[in-house]
Amino acid sequence: MAESRHAPGNTSTVRADVAVIGGGIIGLGIAHEVRRQGRSVALIDPAPASGATFAAAGMLAPVSELHYQEEDLLELMLESSRLWPAFVGGLPRAGEGTGYCTTPTLAVGADAADRRALADLRLVQLAAGLDVEPLALRAAREREPLLSPQISCAFDIPADHQVDPRKLANCLLAGLAAHSPGDDTWVAGADHGFAVADSARGVLWNGNRVCGVELEAGGTVLAGETVVANGLGAAHLLGLPEATGLPVRPVYGDILRLRVPAHLQPLVTATVRGMVRGVPVYIVPRDDGTVVIGATQREDALSATSNAVSAGGVYQLLRDAQVLVPAVAELELLEATARARPGTPDNAPLLGRVADSRGDIAGLVIATGFFRHGVLLTPVAARIVGELIGGSSDSRWSRFRPDRFATNFPEPHTTTPAAAPSKEPV
């Protein structure tokens, strides 16, 4: 393994049942599930929800996001979509707004070639048992009056919804802070009893099991289970088993936020996903009178500059969005943002435990590589990690094991699950 780390005798030590590295939407969702189980959690991140979560549009779109040769992901996406209502309903302050909305998505095409492409995709979606219904253009424009009269086709996708990731992250953080020093879930030495405002340097070992995290500032977090959920940063952690590999790469996306003037509100009432000359674009309405337009996907020279916004990407998004909804030209541009999403060779997440020659390594769970699907997959990722920590697992998700790309990937094995960690901190 890469520079195996062992717990030092550092006086700056935080102890928790579970350490979660990474405070993006996946890490926050996992921390929420850990807390729901009654365990203490230390969330390690110097700036939670400021990475890909900050830029995400929040489309919960298992149907629209079905891509050719990614059919293995469909079951996972549909399961997560099914979990969303209960996941949101269980959040403190959810009534104050997460932006969760179950209005259907409208898919539209700009020209004849786009119509054929969307019709071909619909055949794949129908073959997978998904509900995608053609809409007459008149019916589409009755639903969304500001759609261009020149669009070539429209499809209704009732199962694709949305959430506001920024609001959702705030609710999750508020929920994690909603306890007191006398509670079993309180982590002494952590802000609000859960937050560790530092970056992880590597994982710590005690014999053959992972026992916590070494922090960049020199302190440690000791825990019965450590969850690696820090996106692209996961590949740079010290002490991870070499066989894991974690082949994540940065895939940048540009995204715009615009204010809709009063006389044009609502610009659209539901998410509009379009195809314009073969290039996808989407418009997502927010309940504060703004819309989100996105998202480009690039792995170019500009991507070497952290979070740099592409001028060409901004131009492309505004141009294509105006083809579908001409009134976009009258909106106020508030924000242009770019963030990197962690892509994997098969565009599927790295989710689960990792193994060595003795079997699954105790005390370590990986949850990264969610690429375009991080927000959508948050509830199911939280559920899967929660089950693993509790000592059980679902064989359906073994295809997403983090070590599946390793040259010595272990064959599936059946071992007695490790006992669930005690609620007492290690």
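Cut-off values and rules
Residues numbered from 1 in each chain as written. Predicted model: local features only at pLDDT ≥ 70, side-chain atom pairs only at ≥ 80, totals over all residues. Heavy atoms only, no water. Disulfide = S-S within 2.5 Å. Axes fitted to C-alpha atoms, helices over the stretch in contact; angles between N-to-C directions. Helix = DSSP H or I, 4+ residues; strand = E, 2+ residues; numbered from the N terminus. Parallel < 35°, antiparallel > 145°, perpendicular 65-115°, else oblique. Left-handed = near helix turned anticlockwise from the far one by under 90°. Contact = heavy atoms within 4.5 Å. Nonpolar A, V, L, I, M, F, W, Y, C, P; charged D, E, K, R; others polar. Pairing = 2+ DSSP bridges. Expected span 1.5 Å × (residues − 1). Buried < 20%, exposed > 50% of the residue type's maximum accessible area, 1.4 Å probe, protein only. Polar contact = N/O pair within 3.5 Å; in protein donor to acceptor, adjacent residues only side chain to side chain.

Enquirer: Which residues make up the state of the cysteines, and what values go with them?
Expert: Scanning the model with the defined rule gives zero disulfides in all. Cys101 supplies the cysteine sulfur nearest to Cys171, a cysteine that is in no disulfide, at a spacing of 15 Å.

Enquirer: If you had to explain the packing of helix α1 (residues 25-36) against helix α8 (residues 378-389) to someone new, which residues and values would you point to?
Expert: Contact geometry of α1 with α8 gives a least axis separation of 8 Å together with a crossing angle of 50°. With respect to α8, the element α1 is oriented oblique. Here α1 runs over α8; the crossing is right-handed. Residue-level inspection shows Ile25, Ile26, Gly29, Ile30, Glu33 and Val34 of α1 in contact with α8, the latter providing Thr378, Ala381, Ala382, Val385, Gly386 and Ile389. Classifying every residue of the contact of α1 with α8 gives eight nonpolar, three polar and one charged.

Enquirer: An account of the packing of α1 against helix α6 (residues 165-177) is requested, with residue identities and associated values reported.
Expert: The relative placement of two packed helices comes down to the angle between their axes together with the axis-to-axis distance. As a packed pair, α1 and α6 sit with axes 10 Å apart at the nearest point and diverge in direction by 35°. As for the relative orientation of α1 and α6, their crossing is left-handed in sense. Residues Ile25, Leu28, Gly29, Ala31, His32 and Arg35 of α1 form the contact with α6, whose own contacting residues are Pro165, Leu168, Ala169, Leu172, Leu173, Gly175 and Leu176. By residue class, the composition of the contact of α1 with α6 is nine nonpolar, three polar and one charged.

Enquirer: How would you explain the environment of Ala195 if you had to name every residue and give the values?
Expert: Residue placement: Ala195 occurs in strand β9 (residues 195-196). With residues near it in sequence (within four places) discarded, Ala195 still touches Leu43 and Ala190.

Enquirer: Describe the sheet that holds strand β14 (residues 272-276), naming the residues involved and giving the relevant values.
Expert: Strand order across the open sheet formed by eight strands is β6-β7-β5-β14-β15-β16-β13-β17, with mixed pairing between neighbours. In the strand order of this sheet, the two ends are held by β6 (133-135) and β17 (332-343), each with one partner. Across this sheet, the average inter-strand angle for adjacent strands is 25°, counted without regard to direction. Sheet topology note: the strand β13 (residues 249-259)/β17 ladder contains 11 bridges and is antiparallel. Directly across from Pro250, in β17, lies its bridge partner Pro342. Here helix α4 (residues 112-127) sits on the sheet in contact with β5 (105-109), β6, β7 (153-157) and β14, set at roughly 30° to β7.

Enquirer: So, α6: which residues are in play, and what are the values?
Expert: Between its first and last C-alpha, α6 extends 18 Å over 13 residues, near the 18 Å set by a 1.5 Å rise per residue. Burial in α6 covers these residues: Pro165, Leu168, Ala169, Cys171, Leu172, Ala174, Gly175 and Leu176. Looking at the buried positions of α6, the neighbouring elements they touch are α1, β3 (41-44), α2 (52-55) and α3 (72-89). If you check the start of α6, you find a side-chain oxygen 3.1 Å away from the backbone N of Arg166, and it comes from Asp164.

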